[in-house]
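Each chain, written out:
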Amino acid sequence: MSNMFQTPSTQSKDELVARFIPLLQEVKDMTTSTQVEQWLNTKYGVESELYKDLARLITLGVKEGWAADIEVAGPRYRRSLVVTPSAETHFFSATAVLLDSTDNTQNNPEGSFRANYHLHPYGEINLVVPLNEGAALAGPNGWCHGGWTAPAPGSHHFPEVKGGAVISLTFLPAGRITLDVKPPQQ
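Treat the numbers as computed from the prediction; the structure is a model and nothing was measured.

Run through the sheet that holds strand S6 (residues 125–130), naming residues and quoting values.
Backbone-to-backbone hydrogen bonds join strands into a sheet, with any given pair of strands oriented parallel or antiparallel. Judged by pairing direction, the sheet is antiparallel, and its 6 strands sit side by side in the order S1-S2-S3-S12-S6-S9 without closing on themselves. What marks the edges here is a single partner per strand, and that holds for strand S1 (70–71) and strand S9 (147–149). Against the sheet, helix H3 (residues 49–64) touches strand S2 (77–83), strand S3 (92–100), S6, S9 and strand S12 (165–173), its axis set at about 70 degrees to S6.

Would you mind going over the packing of aromatic side chains in detail, with residue names and values included?
In total, this model carries 4 aromatic pairs according to the counting rule given. Seen from their ring centres, Phe20 and Phe171 are 4.9 Å apart, and the 70 degrees between their planes marks the pair as edge-to-face. Of this pair, Phe20 sits in helix H1 (residues 8–27) while Phe171 sits in strand S12, placing them 151 residues apart in sequence. Neither residue differs from the other here; Phe20 and Phe171 are each classed as buried. Aromatic pair Tyr117 and Phe158: ring centres 4.8 Å apart, planes at 70 degrees, arrangement edge-to-face.

I'd like a description of the nonpolar core, backed by residues and values.
Core analysis: the largest hydrophobic core is formed by 34 residues, its most contacted members being Leu16, Phe20, Ile58, Val82, Trp148, Leu169 and Phe171. Counting residues per element, the ones that place at least two in this core are H1, helix H2 (34–43), H3, S2, S3, S6 and S12. Excluding anything up to four places from it in sequence, Val82 contacts Lys13, Leu16, Val17, Trp66, Ala94, Thr95, Ala96 and Leu169. With 11 residues, the next largest nonpolar core counts Tyr77, Val97, Val128 and Ala135 among its residues.

What counts and what doesn't
- Residues numbered from 1 in each chain as written.
- Predicted model: local features only at pLDDT ≥ 70, side-chain atom pairs only at ≥ 80, totals over all residues.
- Heavy atoms only, no water.
- Pairing = 2+ DSSP bridges.
- Helix = DSSP H or I, 4+ residues; strand = E, 2+ residues; numbered from the N terminus.
- Contact = heavy atoms within 4.5 Å.
- Axes fitted to C-alpha atoms, helices over the stretch in contact; angles between N-to-C directions.
- Phe/Tyr/Trp six-rings, centres within 6.5 Å; stacked < 30°, edge-to-face > 60°.
- Buried < 20%, exposed > 50% of the residue type's maximum accessible area, 1.4 Å probe, protein only.
- Core = buried A, V, L, I, M, F, W, Y, C linked by side-chain atoms within 4.5 Å.

So this is what it looks like as structure tokens:
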């Protein structure tokens, strides 16, 4: 197949998708959990070639404007669908999310920024890419400063970042996410 007619942005998007499909093949029959999160961080942690390639390509996608390009709540909370569930992706969707806690006015502990509360009927796998030193995404096992989180099926949370900007490349089994859910009352 010739890439002669591709724009640089479609080329990097195609490269990203081609790079994560073998991972989806590997995880397609796993149920997200603390064990899966530990396995991902052991096998494909921040020093691995896979993590480095995916982090580079999704960061490039944000810079090129094809990833996390739709504002949900201003420029500090953006997302976009990278791929819909299909046979090729083992029926996972992939979503790029940019969250940035810088100068937010939510008054959360540690200056964190919280995005839309949601539930994962079938769990989720997140590639966490900090864009600032010390930036982190909240995961089921604490703050993730780079690497992977794997919230279990039925889990629900506010996506939350602290210390600056993070890109999350989120893989959802069957593309399932439920936004029509209320956070627990304190």
